[in-house]
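Chains, contacts and geometry: an overview
Spelled out, the chains give:
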Amino acid sequence: MITKNIKFDDIMKAIVVGSGFGGLSAAALLAKDGFKVTVLEKNEQIGGRASVYSDKDFNFDMGPSWYLMPDVYEKFFAEFGKKPEDYFELDRLDPSYRIFFGDEKVVDVASDIEKNYELFESFEEGGAEKLRKYLEDSKEIYDFSIDEMLYRDYTSILDFFSGKLLLKGYKLKIWENLQHYVNNQFESDEARKIVQYSIGFLGGAPNNTPSFYHIMSHIDLTMGVWYPQGGMRKVTKSIYDICIEYGVEFKFNEPVEKLEIDENQVKQVITNKSSYDADIVLMNADYPHAEIDLLEKENQTYNEKYWDKKILAPSAMVAYLGIDKEMDQFAHHTLFLDKDWEAGFDTIFDPKKAAWPEKPSYYVNVPSKTDRSAAPEGSETLFVLVPLAPGIEDTPELRENFYNMIMDDLEAKIGENIRDHIVVKRIFALNDFKERYNAYKGTALGLSHTLRQTALFRPAHMSKKVQNLYYSGHYTHPGIGVPMVLISSQIVANEITKKHG
Ligand SMILES: Cc1cc2nc3c(=O)[nH]c(=O)nc-3n(C[C@H](O)[C@H](O)[C@H](O)COP(=O)(O)OP(=O)(O)OC[C@H]3O[C@@H](n4cnc5c(N)ncnc54)[C@H](O)[C@@H]3O)c2cc1C
């Protein structure tokens, strides 16, 4: 990349487009490194997918609810000489989560790993030992990933197949899918599902995700599931506060409409209200939107055809429900896993079968179990999430029918009426993801983590056509989820500072 044409003022101006976790974290890092940073956000608030919806004293985190990989958050805050605890109280959840297996069985996965060994032994003979071994491998690969893979950028195949990576090749088993890997190690349906469900966090299915992502089991079973008191909105607010401390300026309700390019550089960022000079542009808005909608064809690194061929992570229907009673059947996180969950994955990932599913697995988050600021006294805040195929039709009728089908199933499984107790209700689905976040085909999570969409095969952090245009967020390496997005910003901010700082 040639940077000699960039004009250096006394202070370099960085425009960050979008204030999701990717934009906020990158803005804070760039400001700390001496850039004059302005964040241009389409919506009325910070957070992006991690926005907040409040109604009648019910407060919903609209997106992320699982605080995983606390080590990554710690590393991020340490960049500013801070700790997460300087901003919010962090509690380890116990149980970590509850699972309803079809109509048959309900189990709690504990924060105490010894209890989980007993649980696995109850599923199958030798289950405890099998889990111990599985988690040992998972930890080894996690430690390796943190040290060697996640925090580095990949720009060529040579970076990917480095000596250390090749040495670990056998252990990483990159050609094997997770489903195959797990089925060779566990026999019971319950054990298999517990070590595979978490692949949903990466927007994939066990049969299309490489087995080295079994690190997710070290993450949730060993490192634990945490909750920042006050919700994920406390985390976005903390990073926002750091931004303010370092002088970042925010403009809300100001969608970027065009990037004006001259001599292979962004010269002006045009919004609905104004235009901004830029030495550096860091794009946090969804990558396909930025490339297809904001750049002329000749400046796109990846054109529409490229995106159309990609395997997208699921969209979702999320129901935000305020309930006027307390409900004991739910833990903070509760999963409802269908017996035949493979059919559910097919309706999401197989384009020929893409449709609103008939018997989906789904997830209910009840933060008011742990956090009284989420709902008024004697009430609960329910967030019901059902993954859906991106790109399918979304109409008010389809949503309402689907919502009622899910609620029929949910009420039958917990043996209690919910719908008569709803005081707040908002349904959010494909069209909302498109409209609110400019999400390509309405995807909730971005780009899935298949082998061909991992590490250097994810869209690059740097534009290959426009010299001062960079990307952070869930489309880029290392990928989906708040911790990954924070790492993505650390990678790209380092690159920018090295080149232009
Ligand atoms: C329902 C749901 C549940 C999830 N659960 C979890 C979880 O439990 N744990 C976890 O770690 N992760 C979870 N995730 C994933 C995680 O939330 C995302 O990976 C992460 O928040 C993505 O951050 P981002 O900054 O890359 O993108 P975004 O948050 O989407 O940020 C992009 C920003 O760009 C803005 N923008 C778009 N177009 C423009 C434009 N033209 N001009 C200006 N601004 C623009 C958008 O408004 C948005 O603010 C969940 C996601 C969803 C949707």
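Residues numbered from 1 in each chain as written. Predicted model: local features only at pLDDT ≥ 70, side-chain atom pairs only at ≥ 80, totals over all residues.

Details of the overall build of the protein chain
Definition in use: Numbering of helices and strands starts at the N terminus; helices are DSSP runs of H or I of at least 4 residues and strands are runs of E of at least 2. With C-alpha atoms as the basis for the radius of gyration, the globule rule is written as 2.2 Å multiplied by the number of residues raised to the power 0.38. Buried means a residue has 20 or more other C-beta atoms within 10 Å of its own C-beta, exposed means 12 or fewer, and partly exposed covers the counts in between; C-beta atoms are placed from the backbone.
The secondary structure content of the protein chain amounts to 16 helices and 19 strands. Taking 501 residues into account, the globule formula puts the C-alpha radius of gyration at 23 Å, and the protein chain, at 22 Å, falls close to it. For the protein chain, the spread of C-alpha atoms along the three principal axes comes to 65 × 55 × 50 Å. Counting across all 501 residues of the protein chain, residues that qualify as buried make up 50%.

Let's talk about the domain arrangement of the protein chain
Convention followed: Domain delimitation follows an automatic or database domain assignment.
Segmenting the protein chain into domains produces domain 1 (13-88 + 230-309 + 448-500) and domain 2 (112-223). Sorting elements by how many residues they give to the side of domain 1 that touches domain 2 places helix α16 (residues 482-500) first, with four residues.

Some remarks on the sheet that holds strand β12 (residues 275-277)
This is how it is decided: One bridge is not enough; two strands pair if DSSP finds at least two bridges between them. Structural elements are reduced to axes, namely lines fitted to C-alpha atoms, with helices fitted over the stretch in contact, and the angle between N-to-C directions of any two is expressed from 0 to 180 degrees.
The three strands are arranged β10-β11-β12 in an open sheet whose pairing can be described as antiparallel. Strands with a single pairing partner mark the edges of an open sheet, and in this sheet they are β10 (256-262) and β12. Taken over all neighbouring pairs, the strand axes of this sheet differ in orientation by 25° on average, direction set aside. Pairing of β10 with strand β11 (residues 265-271), which is carried by six bridges, proceeds in the antiparallel orientation. Note on β11: the bridge partner recorded for Glu260 is Gln268.

Topic: the sheet that holds strand β6 (residues 97-101)
The test is simple: A residue pair is marked as a contact if its C-beta atoms, positioned from the backbone, fall within 7 Å.
Pairing is mixed across the open sheet formed by seven strands, whose spatial order is β7-β6-β15-β16-β17-β14-β18. Looking at the sheet topology across the chains shown, the edges are occupied by β7 (105-109) and β18 (422-428). Across the sheet, the mean angle from the axis of one strand to that of its neighbour is 15°, orientation sign disregarded. Inspection of the sheet shows β6 paired to β7 by five bridges, in the antiparallel sense. Bridge pairing in β7 links Tyr97 to Val109. With respect to the sheet, helix α14 (residues 396-414) is in contact with β6, β14 (315-323), β15 (333-337), β16 (362-365), β17 (380-388) and β18, its orientation differing from that of β14 by roughly 60°.

Describing unusual backbone geometry
Between Asp94 and Pro95 the backbone carries a cis peptide bond, its omega angle lying at 0°. Note on placement: Pro95 falls in the loop between β5 (90-92) and β6. A cis amide bond links His477 to the next residue, Pro478, at an omega of 0°. Position of Pro478 among the secondary structure elements: in the loop between β19 (469-471) and α16.

A look at helix α9 (residues 215-223)
Along α9, seven of the nine residues are buried, which leaves the element largely enclosed by surrounding structure. Burial in α9 covers these residues: Ile215, Met216, Ser217, His218, Ile219, Asp220 and Leu221. Positive phi appears at Gly224, one or two residues downstream of α9, with a value of about 100°.

Regarding the pairing of strand β3 (residues 52-55)
By the bridge criterion, four bridges tie β3 to strand β4 (residues 58-61) in an arrangement that is antiparallel. In the sheet register, Ser54 faces β4, and the bridge partner there is Asn59. Between β3 and β4, which pair antiparallel and follow one another directly, the connecting turn spans two residues, one of which, Lys56, has a positive phi of 45°.

Considerations on the site of the ligand
Applied cut-off: The criterion for a residue being near a molecule or strand is simple: its C-beta atom, placed using the backbone, must lie within 6 Å of it. Residue classes follow a fixed rule: Ala, Val, Leu, Ile, Met, Phe, Trp, Tyr, Cys and Pro count as nonpolar, while Asp, Glu, Lys and Arg count as charged, and any other residue, Gly among them, counts as polar.
Around the ligand, the surrounding shell holds 36 residues, and the nearest of these are Gly18, Gly20, Gly22, Gly48 and Gly473. Of all the elements in the fold, those that place two or more residues in the shell around the ligand are α1 (21-32), β14 and α16. Looking at which element gives the most residues to the shell around the ligand, the answer is α1, with three residues. Of the residues that constitute the shell around the ligand, the class distribution is 18 nonpolar, 15 polar and three charged.

A look at the packing of helix α3 (residues 113-123) against helix α4 (residues 127-150)
For the record, the criterion: By the definition adopted for this analysis, an angle is roughly parallel if under 35 degrees, roughly antiparallel if over 145, roughly perpendicular if from 65 to 115, and oblique otherwise.
Contact geometry of α3 with α4 gives a least axis separation of 6 Å together with a crossing angle of 125°. In terms of their interaxial angle, α3 and α4 are classed as oblique. In contact with Asn116, Tyr117, Glu118, Phe120, Glu121 and Phe123 of α3, α4 contributes Gly127, Ala128, Lys130, Leu131 and Arg132. Residue classes in the contact of α3 with α4 are distributed as five nonpolar, two polar and four charged.

Thoughts on α3
The cut-off we apply is this: In this description, one arc is meant: the one made by directions from the helix axis to the C-beta atoms.
Among all positions in α3, only Asn116, Phe120 and Phe123 are buried. The buried side chains of α3 occupy one side of the element, clustering within an arc of 50° when seen end-on. Here the buried face of α3 lies against β7, α4, α8 (189-194) and α9.

Considerations on the nonpolar core
The condition is simple: The term nonpolar core refers to a set of buried Ala, Val, Leu, Ile, Met, Phe, Trp, Tyr and Cys residues connected through C-beta atoms within 7 Å.
If you look at the biggest cluster of nonpolar residues, it comprises 144 residues, and the most contacted ones within it are Ala27, Leu30, Val281 and Val384. The element best represented in this core is α16, accounting for nine residues. Two domains each provide a minimum of three residues to this core, namely domain 1 (13-88 + 230-309 + 448-500) and domain 2 (112-223).

Regarding the environment of Tyr470
Within the fold, Tyr470 resides in strand β19. In sequence terms Tyr470 and Leu40 are 430 residues apart; their C-alpha atoms lie 15 Å from each other.

Looking at the packing of α1 against helix α10 (residues 232-245)
Counted only if it meets this: Rotating anticlockwise by less than a right angle from the far helix to the near helix defines a left-handed crossing, while the corresponding clockwise rotation defines a right-handed one.
At a closest axis distance of 9 Å, the pairing of α1 and α10 adopts a crossing angle of 30°. The angle between α1 and α10 falls in the class roughly parallel. You can see that α1 and α10 cross each other, and the crossing is left-handed. Judged by residue contacts, Phe21, Leu24, Ser25, Ala27, Ala28 and Ala31 of α1 engage Thr236, Ile239, Tyr240, Ile242 and Cys243 from α10. Its residues assigned to classes, the contact of α1 with α10 comprises nine nonpolar, two polar and no charged.

Describing the confidence of the model for the protein chain
What counts is decided by this rule: For every residue, the predictor reports its confidence as pLDDT, a number between 0 and 100.
Here the protein chain averages 94 in pLDDT, while 95% of its residues score no lower than 70. The low-confidence segment residues 1-8, where pLDDT is below 50, has 12 contacts with residues more than four positions distant or belonging to other chains.

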